[in-house]
Every structure is written in C-alpha cells, then in structure tokens.
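The lines below spell out each chain.
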Amino acid sequence: MNSSAYPDGDQVLDDLGDTFVHAFIDAVDGARDDFAAFKQWRPGWFPSFTARFTANFLHERIWDRLVRVVDGMEGIHVSDREPVRELRSGTTYLIRIKRHHPGDRISAYPTEASSAFWSNSTLTLEGLESFSLALGYYWDADLRAVGDAILSFRDGKDNPIWAIQLRRDVGNASGFSWTPVAPDLPEIDLSRVVREAEEESG
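Conventions adopted
Residues numbered from 1 in each chain as written. Predicted model: local features only at pLDDT ≥ 70, side-chain atom pairs only at ≥ 80, totals over all residues. Heavy atoms only, no water. Buried < 20%, exposed > 50% of the residue type's maximum accessible area, 1.4 Å probe, protein only. Helix = DSSP H or I, 4+ residues; strand = E, 2+ residues; numbered from the N terminus. Pairing = 2+ DSSP bridges. Axes fitted to C-alpha atoms, helices over the stretch in contact; angles between N-to-C directions. Contact = heavy atoms within 4.5 Å.

### Focus on the pairing of strand S5 (residues 145-154)
- Within S5, seven of the 10 residues are buried, which leaves the element mostly enclosed by the surrounding structure.
- As defined by bridge partners, strand S4 (residues 131-140) adjoins S5 across seven bridges and the pair is classed as antiparallel. Looking across to S5, one finds that Tyr137 is bridged to Ala149.
- Turn length for the S4-S5 hairpin, with the two strands adjacent in sequence and antiparallel, is four residues, and the turn residue Arg144 shows positive phi of about 50°.
- Both S5 and strand S6 (residues 160-168) contribute to a ladder of six bridges, which runs antiparallel. Each bridged residue has a counterpart across the sheet, and for Arg154 the counterpart in S6 is Pro160.

### Thoughts on the sheet that holds strand S3 (residues 93-100)
- Strand order in the open sheet formed by seven strands is S1-S2-S3-S4-S5-S6-S7, with mixed pairing between adjacent strands. The open sheet has two free edges, formed respectively by strand S1 (76-81) and strand S7 (176-180), since each of these has just one partner strand. Direction aside, neighbouring strands of the sheet carry axes that sit 30° apart on average.
- Of the strand pairs in this sheet, S1 and strand S2 (residues 84-89) are connected by six bridges, and their pairing is antiparallel. Bridge pairing in S2 places Val78 opposite Leu87.
- Contacting S1, S2, S3, S4 and S5, helix H3 (residues 51-70) crosses the sheet at an angle of about 145° to S3.

Take it as geometry only, folks, not as evidence of what the structure does.
Now the structure itself:
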C-alpha cells in the first residue's frame, strides 16, 4: 500500500506529455487574449465585473480551448457534467482547471466530494495510484490580470505540495519551460529587533 509517494513536477510533466502541456499553455494564453478582447469590446462593462464572473469567464475560455485540442487524444478522457468538469490522463491523473492566488491558494466549495478530490493521501495499491492536479493560471487581483499558466499538486485544497509556472519557450527542446514557484513566505519586519539590539550594545 502507498500513501505518501507524491509525484514530482518533472514526473507529472513527462506523464502528461508535451502535446498536452502545449495545449494547456496555449489555452491559458488564448483565454488571456479573449479576456483582453472582451474588455476592449465593452470597456465600460469591465469595472462592474464581479470576481466570480471573471473567474467563470476565464474558466469557460480555458476549458473550451483546451478540450477542443485534447478531446480524443490518446489517454485523455473528458468529463463535462455540471457542476463538475475534469480531465483524466491515463489512469493516474485527474485534472481540474483552477485559478491560483498567492500562496498557490485555490477556491472550491467545501463539499465532501471536493475534499475527497483534493486529498492525495488515499491508501492505494502500489501501481494503482491516482493523483489530483490543479491546472490553471495565476491571477493578479490588483491588476485584474491573467498571469502564467500553472500546474500545482496538493494534499488537500489548502495544502499545496508544489507548483510550477509554465510558458512557451521556442528555444527549449520541449517547446516550453517551467519554473518552480517559491513558497509564499510571510514577510517579517526585523528592523525593530535590530534597532533594539544596536541600542543595547551601545
């Protein structure tokens, strides 16, 4: 039985395959363009868009663009039954599209099914592991803008294990590059401690 052997980013990217990863990056890039086109078409509407509307719009565009490319791809199964939309890659990975906030936070309704989906600690027979992945994009709330595509793995919705940013890179043999996302550590202001230490030492 296996409950703790998490896959790493390299392994997951290799398993998903370059074609799928390219399709995902293109879907995020395309959705960013769609969002910009929407804002240009009706600029007066944009200030009143709620966060939920914006997230739903981007989800729809990413999902549509991605599914049009990967549906029918060997090993990829598309499940689109409201309210759940997910992809399965082989027998190993279940994938949902998610907006990522600082600290690799994602949002999901706190249902039993959702909690079960994001839990990657379920005991399974070795070789029959199934892992849940979040594919999405970074959201800059201040600029209300779509950042890079991102792939994250978590053990529970609020417990990201790792995350990697993805972008097209024609200079790379795979056609894309990826960068690990550094942990979002809290900022600690030590100036007062340093000042007090200096005063004590004379």
